[in-house]
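Letter by letter, the chains look like this.
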Amino acid sequence: MRNRIVVSILALISLALSPATVAQDRTFGRPTTATQPDKDVTPGPGWKTCPRCTNNKQLAAANKTYNVEGHPFDPHDLSGVWGNNGIELDVKNVPPFTPLGEQMFEATRSEIPTTNSKDGMLICDPLGYPRLFAYNYGFQFVMLPDRVLQFFEWGHTWRDIWTDGRKLPDDPPQQRWLGYAVGRWEGDTFVVEGYGYDDRSWISEDRRNRIRGFPHTDQMRTVERYRRTSYGTLEAEITITDPKIFTRPWITKGKVELRPNAELWEYFCVPSESDDYNKRLIDAARQSNK
Amino acid sequence: MRLRRAFAMAVLALVVAIPTLRGVVFAHHSRSHYGTEESTTKGVVLEYKWRNPHVFVVWAVKDQNGKTTQWVGEMASLTSMIADGMTKDSLKTGDEITVVAFPSKNPGSTEALIKKITKADGTVVVDNSRVPNLRAP
């Protein structure tokens, strides 16, 4: 009996702490509140709502309307609008830094304790990749014969994942915020390799305390693995390696849920809007926390 | 004895886990500078910004001596607020509102994180009662 209680307690703890649990929770709906509408908010007949506009009630209704449960699917067709947030990187398993990594990580430290004053997002720098893996307001895969397009609502941007057999460039002429990406199928898993990233972006903000960001160099490589395990579920995994920053690869696993009732809307980071917000809400904190 | 040890381990694990998990729910713009004490004010809408990165409202509150204080309160991104039932027409300049919010921890500051807005006719404009997830994006 005692053994059973001990095992149950330990199982509950491991479930609460498992990265998959956290990642999954982030991509699913928002807690229900009294003012949330029951029906989708759309621009009009024939138009759809957006991933992030959808609350739990609407998502549950949409899953019934579109017969998501048990719906037939082709595991090699990843088409659809997925998630409303991105899959947070597993900050409980950040690899140990190299001395240079430690130095670069410290250099991202905010000047104020309340938000990261050095985060390029505040001035609408592109998020870059893999930050868009971790934070995107929903994304859409479009399958083409020679590539897979991945559109992101955040930044209203896309990346080309080439599937025509080309190799990643060894020494690209331009480092890109979203890098260079090539994809291939290993069984039912779509494997995406990325390289050639612009080192001005962060891998992600450090969500443990939001006073630093995870830096990378131009040596960073990413490998993503996507597997559609049902019509409505996409398993996703990313492995980030940067031997100049980390002493071992950084792996994050998660799940993303289909948004059958949604299409991507527009989220541009607009400098004039951000400037207004920063002055009226961020700068106030900046002034009073010096 | 083993049970006691397991219980102690569970408590220890939760002590470690809770702050970690709490950190996970924060938005890209941190809200850690807002306190956890609720404040209720009545006032008049001066501005309603249906914009990203976060929707915000500015309202004027008059005290007993006739002195007016201008508050600015933020919510979440525009599409997140659509999910919670707000629209571009939810508020207009001159509306009388009652606001339940979490003011900044800084003494004398007039910035706040909004929990609930009710109009004078009793209409609840938004009820972000998703505490403790209130600080999610």
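Below you will find a few notes about this structure. (Residues numbered from 1 in each chain as written. Chains lettered and ligands numbered in written order. Predicted model: local features only at pLDDT ≥ 70, side-chain atom pairs only at ≥ 80, totals over all residues. Heavy atoms only, no water.)

Another point: the pattern of salt bridges. Residue and element names in this part refer to chain A. Considering all chains together, one arrives at 27 salt bridges over all chains under this definition. The salt bridge involving Arg131 is made with Asp119; its shortest N-O contact spans 2.9 Å. With Arg131 in helix H5 (residues 131-134) and Asp119 in the loop between helix H4 (99-107) and H5, this residue pair connects regions lying 12 residues apart in the sequence. Note on accessibility: Arg131 and Asp119 belong to one class, buried. (Salt bridge = Lys/Arg side-chain N within 4 Å of Asp/Glu carboxyl O. Helix = DSSP H or I, 4+ residues; strand = E, 2+ residues; numbered from the N terminus. Buried < 20%, exposed > 50% of the residue type's maximum accessible area, 1.4 Å probe, protein only.)

Counting 43 residues, the largest nonpolar core has Phe141, Trp154 and Tyr226 of chain A as the members making the most contacts within it. Among the elements that line this core, the one with the most residues is strand E10 (residues 233-241) of chain A, at four residues. If sequence neighbours within four positions are ignored, Phe141 of chain A has contacts with Leu78, Ser79, Gly80, Trp82, Val148, Leu149, Gln150, Ile161, Tyr226 and Leu234 of chain A. Grouped together as the second largest cluster of nonpolar side chains are 25 residues, Ala76, Ile82, Ala101 and Val125 of chain B included. (Core = buried A, V, L, I, M, F, W, Y, C linked by side-chain atoms within 4.5 Å. Contact = heavy atoms within 4.5 Å.)

Turning next to the packing of aromatic side chains. Residues and elements named next belong to chain A. Per the counting criterion, the structure on display carries 15 aromatic pairs over all chains. Seen from their ring centres, Tyr135 and Tyr137 are 5.6 Å apart, and the 80° between their planes marks the pair as edge-to-face. You'll find Tyr135 and Tyr137 in the same group, each marked buried. On the basis of an interplanar angle of 85° and a centroid distance of 5.2 Å, the ring pair of Phe141 and Tyr226 is categorised as edge-to-face. Taken together, the positions of Phe141 in strand E2 (residues 139-143) and Tyr226 in strand E9 (residues 221-230) put the pair 85 residues apart, joining distant regions of the chain. The same class applies to Phe141 as to Tyr226, namely buried. Members of the aromatic cluster, joined through ring pairs, are Phe97, Phe105, Phe214, Phe246 and Trp250. In this structure, Arg159 is placed above the aromatic ring of Tyr129, and the distance from its NZ or CZ to the ring centre is 3.8 Å. (Phe/Tyr/Trp six-rings, centres within 6.5 Å; stacked < 30°, edge-to-face > 60°. Lys NZ or Arg CZ within 6 Å of the ring centre and 35° of its normal.)

The next point concerns the state of the cysteines. All names here are of chain A. The final tally for this structure, using the stated rule, is two disulfides over all chains. A disulfide bridge connects Cys124 with Cys269, and the sulfur atoms are separated by 2.2 Å. Its torsion about the S-S bond being -70°, the disulfide of Cys124 and Cys269 is classed as left-handed. Taken as a pair, Cys124 in the loop between H4 and H5 and Cys269 in the loop between strand E11 (250-257) and helix H6 (271-288) lie far apart in primary sequence, 145 residues in all. With relative accessibility at 18%, the residue Cys269 sits in the buried group. When the bonded cysteines of chain A are numbered from the N-terminus onward, they pair as 1-2, 3-4. (Disulfide = S-S within 2.5 Å.)

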